[in-house]
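# Commentary on secondary and tertiary structure
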Amino acid sequence: MSAVPEVPAAPEVRRGHVEIRDVSVRFGKKGQATEAVSRVSLEVKPGDFVSVIGPSGCGKSTLLNIVAGFMKPSDGAAWLDGQAIGSPGADRGVVFQQYSLFPWMTVRKNVEFGLKMQGHGQNARESAARTLLGLAGLLQFENHYPDQLSGGMKQRVGIVRALATSPQVLLMDEPFGALDSQTRTVMQEILTNMWQQLQLSVLFITHDIEEAIFLSEKVYVMTARPGRIKAEIPIPLPRPRTPEMMSSPTFHALVRQLKSLIREESLAAMGGELGASGLQGLDGHIGSAGIKALT
Amino acid sequence: MSTAPRRLFEEVSPAHPPDPGPPAIALVRLEDTLRQPAAPTPPAAATVRPRFAERAADALREHGPCVFMGACSLFGVLLFWHLATTYRWDFYIRFNNIPTPLDVLDKVMQVNANGKFITNVGMSLRRIFLGFAVATVAGVAMGLAIGRYRITRGLLFPALEAMRPIPAIAWVPISIMLWPDNEVSIVFITFIGAFFPILLNTVSGVQAVDGVLLRAGQCLGAKESQLMWHVVLPGAAPQIFTGLAVGMGVAWVSLIAAEMISGQFGIGYFTWEAYSLISYPEIVLGMITIGLLGLACSGLIRFAGRALMPWLSFAARSGAAR
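Let me begin by describing the structure that accompanies this report. (Residues numbered from 1 in each chain as written. Chains lettered and ligands numbered in written order. Predicted model: local features only at pLDDT ≥ 70, side-chain atom pairs only at ≥ 80, totals over all residues.)

Moving on to the overall build of chain A. Secondary structure summary: chain A contains eight helices and 10 strands in total. When each of the 295 residues of chain A is scored for burial, the buried share is 46%. (Helix = DSSP H or I, 4+ residues; strand = E, 2+ residues; numbered from the N terminus. Buried ≥ 20, exposed ≤ 12 C-beta atoms within 10 Å, placed from the backbone.)

The structure is reproduced here in structure tokens:
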């Protein structure tokens, strides 16, 4: 098996360049099709951490599915390192919102799965998986089944599994959405520490504003359906990031800015009449003081 | 490039101003604690005896009531049978001609004196295993294809659905005409009985495999055949085993009926022949033997299921009321 590349002892870090150019997605038959995503262009530079946030239903997960290769855009295309993306492949590691570990495999077998599909032998797979699990502090659970793990641990194994094949980019679709808030905070710190070490290319989908700011170098804000890019906001917070930064004035200013952008879109997403009459009164009551109190 | 062997997921910083409680590192540890406690360390040699007695007592406390209730239930049936046949109860249901438990026990000794009875049992078991094995292979293979691909579903499923309501026993005459000898036709009837439960359960098992697992497999680089073998098949396995258990039950029903109608040899034939020869204890012996064989076969499937799907013992299950 000389054709099979050697498995590196430590995860090899590859930093791909993802581009989405003029992508539109329409559902339904021609003539009465509804547009879910409209002419979206965005970019993840090599080694960049990019988040996409927007109100629910704005098509942010659709964008990730296009980059992952699970669906094809109606117009436009997604590119990875200059190559048009067609079908799913191991060069794009995906971490899903739902737990997606194979319940019939132990933690280590889950991590080995991608290498096995590439044809690596048992010994090479095992040592690579053990190295990765050791780096992630999960080695003692290598022979556990996913149903024996807590939610946060499952997602950590999910991230390790996605990294095992040394993907060009890590795609994360609200990966902490199903976790309780404490675990979620810890996972955000773990992820940001990991990124600071490895400097992977990451495309991160979320609806959580603080999460997007804390983790990212750049945040794209999407409009309500049909989803467009409404704003592209660089995050100037220094690295390494610590939880204390969440109470810094810069962080608060960013939260305020993103919140007002998202809020307009959420109102639009909830429908014209409701937004116009019902909530404008409420708006007057809470106002800027309310937002200040919240942040 | 390869990274230095530092920790991939560094422990989060201990300073965590918004949370004056335990440091965040404790949170990691907390959420890392397992639902299943680790197995106790093996006892030292000196303490084996008391530990064994302790464990025996524990086992008795845990399983004792269950075993006791089971024994009561079986003993109740035997007692009723004994009383009803010894005193020849006759109240619309007539126990006049039914052999007593002791008659049947005598018969057990008798039939084992020569090899005829064992031969009959062996014949039935061989038919069951042949028919069931073919049904398992065909049912699972077709179930995977029908469950996963629209084209096979469209082409195969309507024909199979049209044949499904025909009971296996109704196939007996056609089966005798279809196959060159009697033995194959009985195996065919057994196959028909087992095939449909296995097929239907496999189809629904395949369709119930979580889509996110399929997508996870794809983006880890699995090709269609790999996806089928490593994701779809194990994902559907629990329901396939349900199908196997049901299929085994129906296979026995079909086998006994086929043996009674067209058989030479076999435990069903033995039972029916006993009726023709007015040898009543043998009828009951045949029935009990069929029951025990059926129990053993479904036990075997349960055992295989547990051995092949160890992960299921950790999955969240809905429990029955205690």
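Attention now goes to the overall build of chain B. Across its full length, chain B carries 11 helices and two strands. Ordered by position in the sequence, the α and β elements of chain B form the string α-α-β-β-α-α-α-α-α-α-α-α-α. Per-residue burial for chain B yields a buried fraction of 32% across its 322 residues. Considering only contacts in chain B between residues 6 or more positions apart, those separated by 24 or more positions represent 68%. (Contact = placed C-beta atoms within 7 Å.)

This part covers the packing of helix α9 (residues 224–262) of chain B against helix α10 (residues 267–276) of chain B. Residues and elements named next belong to chain B. In the contact formed by α9 and α10, the axes pass within 7 Å of each other and the chain directions differ by 50 degrees. Considering the angle they form, α9 stands oblique to α10. Here the hand of the crossing between α9 and α10 comes out right-handed. Along its contact with α9, which presents Leu255, Ile256, Glu259 and Met260, the element α10 presents Gly268, Tyr269 and Trp272. (Axes fitted to C-alpha atoms, helices over the stretch in contact; angles between N-to-C directions. Parallel < 35°, antiparallel > 145°, perpendicular 65-115°, else oblique. Left-handed = near helix turned anticlockwise from the far one by under 90°.)

This part is about the environment of Ile20 of chain A. All names here are of chain A. Considering the arrangement of structural elements, one finds Ile20 in strand β1 (residues 18–27). Taking the C-alpha atoms as reference points, Ile20 and Leu258, separated by 238 residues in sequence, lie 22 Å from one another. Sequence-distant contacts of Ile20, that is, excluding residues within four places in its chain, are made with Val40, Ser41, Leu42, Leu63, Val67 and Ala78.

Let us now look at α9 of chain B. Compared with an ideal rise of 1.5 Å per residue, which puts 39 residues at 57 Å, α9 of chain B spans 45 Å between its outermost C-alpha atoms and falls more than 12% short. The largest bend along α9 of chain B measures about 55 degrees and falls at Ala237 of chain B, with the proline Pro238 of chain B one to four residues further on. (Expected span 1.5 Å × (residues − 1). Bend = angle between axes of the 7 residues up to and from the residue.)

Looking now at the pairing of strand β4 (residues 75–80) of chain A. Consecutive side chains of a regular strand alternate in pointing toward one face of the sheet and then the other. Residue and element names in this part refer to chain A. Sheet analysis places β1 next to β4, joined by five bridges and oriented antiparallel. Bridge pairing in β4 links Glu19 to Trp79. Two strands pair when backbone bridges link them, and β4 and strand β5 (residues 83–84) are joined in this way by two bridges, in the antiparallel orientation. When the sheet's bridge partners are listed, Trp79 is paired in β5 with Ala84. In this structure, the hairpin formed by β4 and β5 is closed by a connection of two residues, where Asp81 is found at a positive phi of approximately 50 degrees. (Pairing = 2+ DSSP bridges.)

Residues and elements named next belong to chain A. The strand order across the open sheet formed by six strands is β6-β7-β8-β3-β9-β10, and the pairing between neighbours is mixed. Of all strands in the sheet, those with a lone pairing partner are β6 (92–95) and β10 (229–234), marking the two edges. Direction aside, the axes of adjacent strands within the sheet are offset by 15 degrees on average. In the sheet, strand β3 (residues 49–53) pairs with strand β9 (residues 218–222) via four bridges, with the strands oriented parallel. Residue pairing in the sheet places Ile53 in a bridge with Val221 of β9. Each of β6 and β7 (169–173) is contacted by helix α4 (residues 151–163), which is oriented at about 170 degrees to β6, the strand it contacts most.

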